[in-house]
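This is what each chain is made of:
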Amino acid sequence: MRTTELVDGFRHSAPYVNAHRGKTFVVMLGGEALAHPQFRGILNDVALLHSLGIEVVLVYGARPQIDAGLKAAGIEPAYHNGIRITDEDTLKIIKQVAGATQFDITARLSMSLGNTPMQNAQINLVSGNFVIAQPLGVDDGVDFCLSGKVRRIDAQGLRRQLDNNGIVLMGPIAASVTGESFNLTAEEVATQVAIKLKADKIIGFSETNGIVGENGEVIAELMPDDVEEMLKTMKADTAASVGTMAFLKASVEACRRGVPRCHLVSYLDDGALLQELFSREGIGTQIVTQSAERLRRATISDIGGILNLIRPLEEQGILVRRSREQLEMEIEQFMLVERDNLVIGCAALYPFEEDNAGEFACLVVHPDYRDADRGSILLNNIIGQARVRGYSRLFALTTRSIHWFLEHGFNIVDVEELPNKKKQLYNYQRRSKILALDL
């Protein structure tokens, strides 16, 4: 990697490091991920998240390992509506597999820190009775026996461990108030823990980097309703697809009950977790309660983000320079496009009430986000504001984007058609083109 690539990567990831610090992530590792050689790399990345001040609850499943253990014991795995039927003999095998898996994760998480940037880091891995279970009961005449569901989560106990800088490790076995053990799905445990902790994210793993669309490309963002429609046509024809579908169903519930985002990335790709969390576009699929991107009015706390956005264009002479003090006075005129708490676009509407007109100004979209026509989104919002105020005309000054404005219905006009106050400020040395849109 060239030095410039390293520096650019570090600079681009820094805002996400700050945004994620102090947040709570529930990371769900299915049995397929545990069995893959890349598992050690995933644990390294989980340790790295912890070192960056992110609170981590690690929930593991072991569906394929349990099935293999049952077959080795001569027991045929039994399911009803996709849920395992757990009799006493099955539960014995599940306990053995889950216990061995927990010890394996603990050992690997400790061992995997050697010869990595996390060497000598102190990680406290904590397990406990944070989940109280209850039986699933009987469905369609089928007795699920010792298969259970979450009855209660000890959120306070979990929070204490996280506040004490521990990573909490949780598996698919939990006890009931009567002292019985029940087999739960890792997806339900992860979902209920995230809901009760008011976690910021649930992260799951699949064979592919998220959900692949019909065009063969990963779908970056889905709403819960979209996921439900997709699940109607998805087929659970492999063990991996069963896990993916279970995670997607869990994500829908989690989002609708207050978890802002659920991420699905590949356990096959080295560093997929970090690419998803610390890069602008990510690498997998997000299931979100609302779009990761939103249009909103700027506040005084956005000054720094706007300055970072407009300074490069000011230095190139494309925009007229604005001081921080000027921006502070004009901040109420600005609209922003925000993604992951980063300002990626802005525009302003300056009023000229005496001329019943407004100026569309300071349109900037970050270079990495110019492919989705966010400039048009900002323009349409400003046009809407101008119409609400009763303006008859919107004008703009530009030296480089003349054709863009013409394509959006503006016409080139003379300096004399500017509002009087703006006419007095017109810089004849810049020779900006003046464009107007009749409203």
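Just so it is clear, the structure is predicted and the values come from calculations on it, not from any experiment. All residue numbers refer to positions counted from 1 along the written sequence of the respective chain. Given that the model is predicted, a residue must reach a pLDDT of at least 70 before its local features are reported, and side-chain atom pairs must reach 80 or more before they are shown or counted; all residues, however, enter totals for whole chains, interfaces and linings. Each side-chain value is derived from all of the structure's non-hydrogen atoms; neither hydrogens nor water enter the calculation.

Novice: Even after reading the chapter, I still don't get helix α7 (residues 186–197), so can you show me in this structure?
Specialist: Here α7 contains 12 residues, and its C-alpha end-to-end distance of 16 Å stays within 8% of the 16 Å for a straight helix at 1.5 Å per residue. Burial classes: relative accessible area under 20% of the type maximum marks a residue as buried, over 50% as exposed, and values in between as partly exposed (1.4 Å probe, protein chains only). Comment: elements are numbered from the N terminus, with helices defined as DSSP H or I runs of at least four residues and strands as E runs of at least two. In terms of residue burial, α7 counts as a mostly covered element, since 10 of its 12 residues are buried. Within α7, burial applies to A186, E187, V189, A190, T191, Q192, V193, A194, I195 and L197. Count one or two residues on from α7 and you reach K198, which has phi positive near 55°. Given a helix with a known number of residues, its expected span is that number minus one, times 1.5 Å.

Novice: Please explain the sheet that holds strand β22 (residues 411–413) as it appears in this structure.
Specialist: Remark on secondary structure: sheet strands pair via backbone hydrogen bonds, oriented parallel or antiparallel. Strand order in this open sheet of seven strands is β17-β18-β19-β20-β21-β23-β22, and the pairing throughout is mixed. Of all strands in the sheet, those bounded by a partner on one side alone are β17 (293–297) and β22. Averaged over all adjacent pairs, the angle separating strand axes in this sheet is 30°, with direction ignored. Strands are treated as partners if at least two bridges between them are detected by DSSP. One ladder, built from six bridges, connects strand β18 (residues 334–339) with strand β19 (residues 342–352); its direction is antiparallel. Among the inter-strand pairings, R339 is bridged to a residue of β19, identified as L342. Strands β18, β19 and β20 (357–365) of the sheet are contacted by helix α11 (residues 303–315), whose axis makes an angle of about 85° with β19. In this analysis, axes come from line fits to C-alpha atoms, helices being fitted only over the stretch in contact, and the angle between any two N-to-C directions falls in the range 0 to 180 degrees. In this description, contact between two residues means that some pair of their heavy atoms is separated by no more than 4.5 Å.

Novice: Could you clarify how one ought to interpret the side chain of E330 in this entry?
Specialist: By the element assignment, E330 lies in helix α12 (residues 324–330). Comment: no salt bridge for buried E330; closest opposite-charge side chain is R322, at 4.0 Å. If we skip the residues at most four places from it in the chain, E330 touches R322 and Y350. For this count, His and the chain ends are skipped, Lys and Arg are scored as positive, and Asp and Glu as negative. A pair is scored as a salt bridge if a Lys or Arg side-chain nitrogen falls within 4 Å of a carboxyl oxygen belonging to Asp or Glu.

Novice: How should the side chain of D302 be read in this particular structure?
Specialist: As for its position among the elements, D302 is in the loop between β17 and α11. Since its relative accessible area comes to 7%, D302 is described here as buried. Residues in contact with D302, not counting those within four places in the same chain, are R296, R297, L336 and V343.

Novice: Before we go on, may I ask you to explain unusual backbone geometry in this structure?
Specialist: Leaving glycine aside, a negative phi is the common case for residues, and trans is the common case for peptide bonds. At N81, a residue that is not glycine, the phi angle is positive and equals roughly 55°. When its relative accessible area of 59% is taken as the criterion, N81 is described as exposed. With a phi angle near 55°, C362 is a residue other than glycine that sits in the positive phi range. By secondary structure assignment, the location of C362 is in strand β20.

Novice: Even after reading the chapter, I still don't get the sheet that holds strand β16 (residues 285–288), so can you show me in this structure?
Specialist: With mixed pairing, the eight strands of this open sheet are ordered in space as β5-β10-β2-β1-β13-β15-β16-β14. Strands at the two margins of the open sheet, each flanked by one partner only, are β5 (124–126) and β14 (221–222). Here strand β2 (residues 55–60) pairs with strand β10 (residues 166–170) via three bridges, running parallel. Residue V57 lies in a different strand from β10, and its bridge partner there is V168. Lying on the sheet, helix α3 (residues 39–51) is in contact with β1 (24–29), β2, β10 and β13 (201–206); it crosses β1 at an angle near 170°.

Novice: What am I meant to see in the state of the cysteines here?
Specialist: Note on terminology: disulfide describes a covalent bond linking the sulfur atoms of two cysteines. For the purposes of this analysis, a disulfide is any pair of cysteine sulfur atoms at a distance within 2.5 Å. Counted by the stated rule, this structure contains zero disulfides. Looking at C362, it has no disulfide partner, and the nearest cysteine sulfur is the one in C346, 4.4 Å off.

Novice: Sorry, what's going on with the environment of M234 here?
Specialist: As for its placement among the helices and strands, M234 is situated in the loop between α8 (224–231) and α9 (239–256). Owing to a relative accessible area of 27%, M234 belongs among the partly exposed residues under this scheme. Along the primary structure M234 and E330 are separated by 96 residues, whereas in three dimensions their C-alpha atoms are 51 Å apart. Residues contacting M234, with those up to four places away along its chain left out, are M245 and L248.

Novice: Help me understand the packing of aromatic side chains, please; the structure alone is not making it clear to me.
Specialist: Each aromatic ring pair is summarised here by two numbers: the centre-to-centre distance and the angle between the ring planes. Ring geometry is summarised as follows: Phe, Tyr and Trp rings, the Trp one being its six-membered ring, pair when their centres sit within 6.5 Å, and such pairs are stacked at plane angles under 30 degrees, edge-to-face over 60 and tilted between the two. Under the counting rule described, the total for this entry stands at six aromatic pairs. Judged by centre distance (6.0 Å) and plane angle (75°), the ring pair of F360 and F405 falls under edge-to-face. On the criterion of sequence distance, the pair formed by F360 in strand β20 and F405 in helix α14 (residues 402–407) is long-range, its members being 45 residues apart. Residue classification places F405 among the buried positions, given a relative accessible area of 5%. Taking 5.1 Å as the distance between ring centres and 80° as the angle between the ring planes, the aromatic pair formed by F405 and F410 counts as edge-to-face. The pair formed by F405 and F410 is uniform in burial state, with each residue classed as buried.

Novice: How do you make sense of the pairing of β10 when you look at a structure like this?
Specialist: Each regular strand carries side chains that alternate between the two faces of the sheet. Here β10 lies mainly inside the structure; five of its five residues are buried. Neither face of β10 is left uncovered, since the one carrying G166, V168 and M170 and the one carrying I167 and L169 both have all their residues buried.

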